[in-house]
Amino acid sequence: MNPQALATLQAHLLPALTAAPSETRRLFHGRGRCWPGLEQLTVDWLQGVVLVSLFKEPAPEQLQGLKETLLQLTASPQWQQCGAHTLLLQHRYLPQSTAEWLIGEEIDEMTIVEGGLQYRVDLGRKQNTGLFLDMRFGRNWVREQAAGKRVLNLFAYTCGFSVAAIEGGASHVVNLDMSRAALSRGRDNHRLNGHDLSKVSFLGHDLFKSWGKVINSGPYDLVIIDPPSFQKGSFLLTKDYQRVLRRLPELLTAQGTVLACMNDPSFGPDFLIDGVTQEAPSLRFEQRLDNPPEFPDIDPQSGLKALVFQRTT
């Protein structure tokens, strides 16, 4: 983050704040490697809260330069006019993802809006807020496809896909995740949107030890797979994704659909397409969903992969 890179950041953020959206959005996505020197930095707009995340430790003088640039931003007319009130710098490279509140009062939790739906998120306490913004189009797609369908949401986290599915008219959603705390937040998210919780199930289990429960709750018209790329002791992308894919024929209805997702930049879409071909040959690749325009990437193969497969037999 040399002075030129910081000037680029400021030149990007000032107009972004001028046109600050009414809903939550990413304002700057350095991790797409489109701006040299800013590859380890992102900026999110959380409806008045500006969250700046650093993914790699900078040199002390670079960190100081970043803070000065951000504080200059808060003195700009654009900051005043957009209604921003809080500036949070998150050090994602530290074990506890330490947060610095540069402007404004500390906020533990807040409700954000995406697509007219409400989600409760954490600020300053956890590595992730509770909603991955790059999956916006994926949630939109699920909402559009869900009417009357029985849905299985694997690696559900805080149930963003589930909220979208119920809002779209799903008959029932089964959410599975090892983290009961994440699923509890998922219940909160459904309640925020006035959803009927009798249409939603929450299974706080290790998937690989709970196939019986998952299969017995099926079959499903739509299966969503959105695992972490790596989660120590529970999921390894290169080994465990195939274990999920080979179970799909047992989970799906005769015309079932799968949304398979992956966000590891080391693997392109072929990793999933080849995996499905090998492990679940009754499924046909249909399309890769677009990523939101606010997530540009120098290599489209490295960004989020959200692939749709359709059962044919």
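Just above, that's the structure.
Residues numbered from 1 in each chain as written. Predicted model: local features only at pLDDT ≥ 70, side-chain atom pairs only at ≥ 80, totals over all residues. Heavy atoms only, no water.

Draft legend 1. Focus on the packing of aromatic side chains. A complete count under the given rule lists 9 aromatic pairs for this structure. On the numbers, 6.3 Å between centres and 70° between planes, the contact of Phe208 with Trp211 is edge-to-face. For the pair formed by Phe208 and Trp211, the shared burial category is buried. Aromatic side chains Phe208 and Phe235 sit 6.4 Å apart centroid to centroid with 20° between the ring planes, which places their arrangement in the stacked category. Residue Phe208 is found in the loop between strand E10 (200-203) and helix H7 (211-216), and its partner Phe235 is found in strand E13 (residues 235-236); the two are separated by 27 residues along the sequence. You'll find Phe208 and Phe235 in the same group, each marked buried. Joined through ring pairs, the aromatic side chains of Phe155, Phe208, Trp211, Phe235, Tyr241, Phe267 and Phe271 make up one cluster. Arg31 extends its terminal NZ or CZ atom over the ring of Phe55, reaching a point 3.9 Å from the ring centre. We note Arg243 situated over the ring of Phe208; from NZ or CZ to the ring centre the distance is 4.0 Å. (Phe/Tyr/Trp six-rings, centres within 6.5 Å; stacked < 30°, edge-to-face > 60°. Buried < 20%, exposed > 50% of the residue type's maximum accessible area, 1.4 Å probe, protein only. Helix = DSSP H or I, 4+ residues; strand = E, 2+ residues; numbered from the N terminus. Lys NZ or Arg CZ within 6 Å of the ring centre and 35° of its normal.)

Draft legend 2. Expanded view of the packing of helix H1 (residues 3-18) against helix H2 (residues 60-74). Direction vectors running N to C along H1 and H2 enclose 25°, while the axes themselves pass 10 Å from each other. What the angle tells us is that H1 and H2 run roughly parallel. Crossing handedness for the pair H1 and H2: right-handed. In this structure, H1 contributes Leu6, Leu9, Gln10, Leu13, Leu14 and Leu17 to the contact, and H2 contributes Gly65, Leu66, Thr69, Gln72 and Leu73. (Axes fitted to C-alpha atoms, helices over the stretch in contact; angles between N-to-C directions. Parallel < 35°, antiparallel > 145°, perpendicular 65-115°, else oblique. Left-handed = near helix turned anticlockwise from the far one by under 90°. Contact = heavy atoms within 4.5 Å.)

Draft legend 3. Looking closely at the nonpolar core. One finds Leu154, Val223, Ile225, Tyr241, Leu248 and Val258 to be the most contacted residues of the largest nonpolar core, which totals 32 residues. Ignoring anything within four residues of it in the chain, the contact list for Val223 reads Leu152, Leu154, Leu248, Leu251, Leu252, Thr257, Val258 and Leu259. If you look at the next biggest cluster of nonpolar residues, it comprises 26 residues, including Met1, Ala5, Leu27 and Leu41. (Core = buried A, V, L, I, M, F, W, Y, C linked by side-chain atoms within 4.5 Å.)

Draft legend 4. Fine view of the sheet that holds strand E2 (residues 41-46). Across the sheet, 5 strands lie side by side as E1-E2-E3-E4-E5; this open sheet has mixed pairing. Both edges of this open sheet fall to strand E1 (25-29) and strand E5 (99-103), since each of them pairs with a single strand only. Between one strand axis and the next, the sheet turns by 20° as a mean value, whatever way the strands run. Along the sheet, H2 contacts E2, strand E3 (49-54), strand E4 (86-91) and E5; its crossing angle with E4, the most-contacted strand, is approximately 160°. (Pairing = 2+ DSSP bridges.)

Draft legend 5. Structural view of the layout of surface pockets. In this structure, the second largest pocket occupies an estimated 160 Å³ of space. Around the second largest pocket, the lining residues are Met1, Gly37, Leu38, Glu39, Gln40, Leu41, Leu54, Lys56, Glu57, Pro58 and Gln62. (1 Å grid on protein atoms, 1.4 Å probe; cavity = no way out; pocket = protein on both sides within 12 Å on 5 of 7 lines; lining within 4 Å. Points joined across faces, edges and corners; volume = space filled by probe spheres on them.)

Draft legend 6. Geometry of empty space enclosed by the protein. Applying the stated criterion across every chain yields a total of 1 cavity of 30 Å³ or more. Each pocket or cavity is described by its volume, and for the largest cavity that value is around 40 Å³. Lining the largest cavity we find Leu51, Leu88, Gln90, Asp122, Leu123, Gly124, Lys126, Gln127, Asn128 and Thr129. Classifying every residue of the lining of the largest cavity by side-chain character gives 3 nonpolar, 5 polar and 2 charged. (Nonpolar A, V, L, I, M, F, W, Y, C, P; charged D, E, K, R; others polar.)

Draft legend 7. Up close: the pattern of salt bridges. Taken as a whole, this structure holds 16 salt bridges when the rule is applied. One salt bridge in this structure joins Glu114 and Arg139, with 2.8 Å as the shortest N-O distance. In this pair, Glu114 is assigned in strand E6 (residues 109-114) and Arg139 in helix H4 (residues 136-145), connecting sequence segments 25 residues apart. Across the pair, Arg139 and Glu114 agree in class, each one buried. Between Glu279 and Arg246 there is a salt bridge, with the nearest N and O atoms lying 3.1 Å from each other. Here Glu279 is found in helix H10 (residues 270-279), whereas its partner Arg246 is found in the loop between helix H8 (237-245) and helix H9 (248-251), with 33 residues between them in sequence. A single salt-bridge network, built from bridges that share partners, covers Glu109, Arg120, Asp122, Lys126, Arg185, Asp188 and Arg191. (Salt bridge = Lys/Arg side-chain N within 4 Å of Asp/Glu carboxyl O.)

Draft legend 8. Looking closely at the environment of Val52. When you line up the elements, Val52 lands in strand E3. Since its relative accessible area comes to 0%, Val52 is described here as buried. Along the chain, Val52 and Ala99 lie 47 residues apart, while their C-alpha atoms are 9.6 Å from each other.

Draft legend 9. Region of the structure containing the side chain of Ser282. Examined against the element boundaries, Ser282 turns out to sit in the loop between H10 and strand E15 (283-288). Relative accessible area serves as the criterion here: at 13%, Ser282 is assigned to the buried category.

Draft legend 10. Inspection of unusual backbone geometry at higher detail. The omega torsion across Gly218 and Pro219 is 0°, close enough to zero to call that bond cis. Take Pro219: it is sitting in the loop between H7 and strand E11 (220-225). The backbone of Gln47 sits at a positive phi, close to 50°, despite the residue not being glycine. In this structure, Gln47 sits in the loop between E2 and E3. Relative accessible area serves as the criterion here: at 23%, Gln47 is assigned to the partly exposed category. With a phi close to 55°, Phe155 is a non-glycine residue in the positive phi region. Along the chain, the position of Phe155 falls in the loop between strand E8 (150-154) and helix H5 (160-167). What makes Phe155 buried here is its relative accessible area of 15%.

Keep in mind that these numbers describe shape and distance, not what the molecule does.
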